Amino acid sequence: MVDTTPLSRAVDHFADRLRAAPQSRLQRGAAAEALELARELARWAQRIEEPGAEPREMPDAGMFAAADQITVAGHDLAVVLTGEDEVAEAVTRVEEARKRAGV
């Protein structure tokens, strides 16, 4: 069994930073960056769980839901990853998105 703790921690850290961010930061792109990450992680998990099926797109639930969306998508992905290299790649993607979001 692969240890997905680093991914869970990275996702939770990003989500916590979003929740603590002022509305103006969310409006300036942090929420959009988080939504894009959530969609990317959700598509990744869906490709693993349902190979060959067309991934469904996570809806835009608004800037105040972005933290919850990355939390759900990140933890869903953590459940289906099977290799340490996949976990490391996912952590890198989360960290890069957090930096781009400026939180």
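Heads up: the structure comes first, above all this text.
Below you will find a few notes about this structure.

With respect to the nonpolar core
The biggest cluster of nonpolar side chains holds 34 residues, and the ones touching the most others in it are L7, F14, L18, I70, L77 and V94. Not counting chain neighbours up to four residues away, the residues in contact with L7 comprise G74, L77, A78, L81, V87, A90, V91 and V94.

Examining the packing of helix α1 (residues 5-20) against helix α4 (residues 84-101)
Closest axis-to-axis distance for the α1/α4 pair is 9 Å, and the angle between their directions is 15 degrees. By the angle between their directions, the pair α1 and α4 is classed as roughly parallel. Remark: the crossing between α1 and α4 carries left-handed chirality. Mapping the contact onto sequence places P6, L7, A10, V11, H13 and F14 in α1 and V87, A90, V91, V94, E95, A97, R98 and A101 in α4. Partitioned by chemical class, the residues of the contact of α1 with α4 number eleven nonpolar, one polar and two charged.

Remarks on α4
Here α4 contains 18 residues, and its C-alpha end-to-end distance of 26 Å stays within 8% of the 26 Å for a straight helix at 1.5 Å per residue. Every buried residue of α4 is accounted for by V87, A90, V91, V94, A97, R98 and A101. The buried residues of α4 occupy one face: seen down the axis, they fall within an arc of 130 degrees. Along α4, exposed side chains directed more than 90 degrees from the buried face belong to D85, K99 and R100. Buried-residue contacts for α4 involve α1, α2 (23-49) and α3 (66-80). Once α4 ends, the next one or two residues include G102, with phi positive near 75 degrees.

Each value, and the rule that gives it
Residues numbered from 1 in each chain as written. Predicted model: local features only at pLDDT ≥ 70, side-chain atom pairs only at ≥ 80, totals over all residues. Heavy atoms only, no water. Core = buried A, V, L, I, M, F, W, Y, C linked by side-chain atoms within 4.5 Å. Buried < 20%, exposed > 50% of the residue type's maximum accessible area, 1.4 Å probe, protein only. Contact = heavy atoms within 4.5 Å. Axes fitted to C-alpha atoms, helices over the stretch in contact; angles between N-to-C directions. Helix = DSSP H or I, 4+ residues; strand = E, 2+ residues; numbered from the N terminus. Parallel < 35°, antiparallel > 145°, perpendicular 65-115°, else oblique. Left-handed = near helix turned anticlockwise from the far one by under 90°. Nonpolar A, V, L, I, M, F, W, Y, C, P; charged D, E, K, R; others polar. Expected span 1.5 Å × (residues − 1). Arc of directions from axis to C-beta.

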